[in-house]
Amino acid sequence: MKKMVIIMVFILCVSSAFAQSSGDYRSKTSGNWTSTSTWQTYNGSEWQDAGTAPNSASGVVTILNGHTVTINSTLTIDQTVVEAGGTLTVDLGSSENLTINNGTGDDLTVNGTLNLSGVLSNEGYGLTGSGKTVINGTCNWNSGHITSTDFNIASGGVMNMDGSGECRINWDGVVNNAGTVNFAKSGVAFVMYYNGTFNNLSGGLFEATTNQSIYYRQDLTPSNVPVFNNAGTFRKKTGTGDTTIRGVDFNNTGTVDVQSGTLKFTYYVDGTHTGTFTVASGATILTEDNSDHDFNEGSVINGAGTFEITNGQISVNGSTNGTVIGSDAIFKLSGTGVITGAGKLTINGTFDWTSTGNFNTGTIIFSESAVVNISGDSRKTYYFLSLIHISEPTRPY
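Just so you know, these numbers come straight off a predicted model, no measurement behind them.

Scoring rules and cut-offs
Residues numbered from 1 in each chain as written. Predicted model: local features only at pLDDT ≥ 70, side-chain atom pairs only at ≥ 80, totals over all residues. Heavy atoms only, no water. Salt bridge = Lys/Arg side-chain N within 4 Å of Asp/Glu carboxyl O. Helix = DSSP H or I, 4+ residues; strand = E, 2+ residues; numbered from the N terminus. Buried < 20%, exposed > 50% of the residue type's maximum accessible area, 1.4 Å probe, protein only. Phe/Tyr/Trp six-rings, centres within 6.5 Å; stacked < 30°, edge-to-face > 60°. Lys NZ or Arg CZ within 6 Å of the ring centre and 35° of its normal. pLDDT = per-residue confidence, 0-100. Contact = heavy atoms within 4.5 Å. Pairing = 2+ DSSP bridges. Core = buried A, V, L, I, M, F, W, Y, C linked by side-chain atoms within 4.5 Å.

Overview of the pattern of salt bridges
One pass over the structure, following the stated rule, counts 7 salt bridges. Between K28 and D49 there is a salt bridge whose closest N-O contact spans 3.2 Å. Placement of the pair is K28 in the loop between β1 (25–27) and β2 (31–32) and D49 in strand β4 (residues 47–49), with a sequence separation of 21 residues. The class of K28 is partly exposed, set by a relative accessible area of 41%.

Some details on the packing of aromatic side chains
Evaluation of the coordinates by the stated rule reveals 26 aromatic pairs. When the ring of Y25 is compared with that of W39, the centres are 6.4 Å apart and the planes differ by 90°; the resulting orientation is edge-to-face. Taken together, the residues span a long stretch of sequence, with Y25 in strand β1 and W39 in strand β3 (residues 39–42) at a distance of 14 residues. Given a relative accessible area of 8%, Y25 falls into the buried group. Using a relative accessible area of 0% as the deciding quantity, one classes W39 as buried. Through a chain of ring-to-ring contacts, three or more aromatic side chains come together here, namely W141, F183, F190, F198, F206, F228, F234, F250 and F265. Directly above the ring of Y267 sits R246, whose terminal nitrogen or CZ lies 4.2 Å from the centroid.

Re unusual backbone geometry
You will see that W171, though not glycine, has its phi angle at about 40°, which is positive. Relative to the assigned elements, W171 resides in the loop between β19 (167–169) and β20 (174–177). Residue W171 is classed as buried on the basis of its relative accessible area of 11%. In this model, Y268 sits at a positive phi of 60°, which is unusual for a non-glycine residue. Within the secondary structure, Y268 sits in the loop between β31 (262–266) and β32 (271–273).

Describing the confidence of the model for the chain
A residue-level look at the chain finds 89% of positions with pLDDT of 70 or above and a mean pLDDT of 89. Throughout residues 1–18 the model reports pLDDT below 50, and contacts reaching past four residues in sequence, or to other chains, amount to 1 contact. Within the model, the stretch residues 393–397 combines pLDDT values under 50 with 7 contacts to residues more than four positions away or in other chains.

Observations concerning the pairing of strand β35 (residues 292–295)
Side chains H293 and F295 of β35 all project onto a buried face; the interleaved residues D292 and D294 project onto a face where none is buried. In this structure, β32 lies alongside β35, joined through 3 bridges in parallel fashion. Across the sheet, H273 pairs through a bridge with F295, a residue of β35. Pairing of β35 with strand β38 (residues 313–316) involves 4 bridges; the strand directions are parallel.

Description of the environment of I364
By secondary structure assignment, the location of I364 is in strand β45 (residues 363–366). Taking C-alpha positions, I364 is 9.9 Å from V316, a pair spaced 48 residues apart along the chain.

Concerning the side chain of T340
By the secondary structure assignment, T340 is in strand β41 (residues 338–340). Taking the relative accessible area as the measure of exposure, T340 reaches 17% and is therefore buried. Discounting chain neighbours no more than four positions away, the residues touching T340 are Q313, I314, S315, V316, N360 and T361.

A look at the side chain of T323
Along the chain, T323 falls in strand β39 (residues 323–325). T323 sits in the buried class, given a relative accessible area of 2%.

Some remarks on the pairing of strand β15 (residues 138–141)
Here β15 shows one buried face, formed by C139 and W141, and one open face, formed by T138 and N140. Relative to β15, strand β12 (residues 113–118) runs parallel, the two being bridged by 4 bridges. Bridge assignment links N115 to a residue of β15, and that residue is N140.

Here we look at the nonpolar core
The biggest cluster of nonpolar side chains holds 77 residues, and the ones touching the most others in it are W33, L88, W141, F151, F190, I214 and F331. Broken down by element, the residue count for this core peaks at 3 residues, all from strand β9 (residues 87–92). Apart from residues no more than four positions distant in its own chain, F190 is found in contact with W141, M161, C167, I169, F183, F198, F206, S213, I214 and Y215.

As structure tokens, then:
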């Protein structure tokens, strides 16, 4: 038994000795990244006070539990780990960048906390680089740019977007969320520049508890429109006002869940959908101002709220089950709204038609539970319908 204990201790000591390599850094105390007094470095046999601050050519850099390290000037980092209980604060001025270098493996791993803030400037790139950032803990994004092409919130990770500073995905920036994003900005939009992408992945939750917008800013030379891809859950929660998607293309293969107020798609928001839109009683999804959406096979609109198309177009494309409107939902065509496409549309709930636009779709089915309200002084036009069918033969159109 004694021999076994000695062997176990030896194994633990050997494992500990090989847990770090010569050139690795760890935090000694809280402080600025560029200050040598913040760091210790491993010389191959022991930790000693650092003679220089770490950079992208250093070994693994670890911010330990209980320490806060601050970056407030242009810097390139790699192989950086923020332990649980540790904090990395990035607070950049105009024209300053933090570049995540693309080395071996994950390049910035946050098991603790990452605080992002800084001055916004078209000259500055903020958090940039092609290196991979993984948030397993918490990211507090108070303001500043993300231009990084591989920024990831892992399952179990959290990003908080709050405060009054502007958060911006710049140019080719890509944010992938498999965890939770809390969108709670006050008095300022979440801005996306051209080519910017936000991917809310399967299992991810993007929860809006604010009446602010997700906004395409077009004050630079335009290129591809930014895009929000939802394969998880996009939820508007609390508040009776509008959360607006403005100019940003929005594709839904997951669930859009509007629990209160209005989720508004406006100013040329295009989208392709195979997922579900759920609208609670008293809530609304509104698509307007030349926003055009393709509803493909498998798309569903349900809940007891209202889905309204005004001054925009919906194309129904699925031919097997097509697009289905739930029995409690209100589906409304108003303004100059148009429904088109060669697919199938099944209405089980209420259809309110007040628009001057036309109805031009392959197959429309009004089920036995459907209610059709046609009102207003404008002419209503439908044509090229292969079938208008009411399950209950005696029910009037």
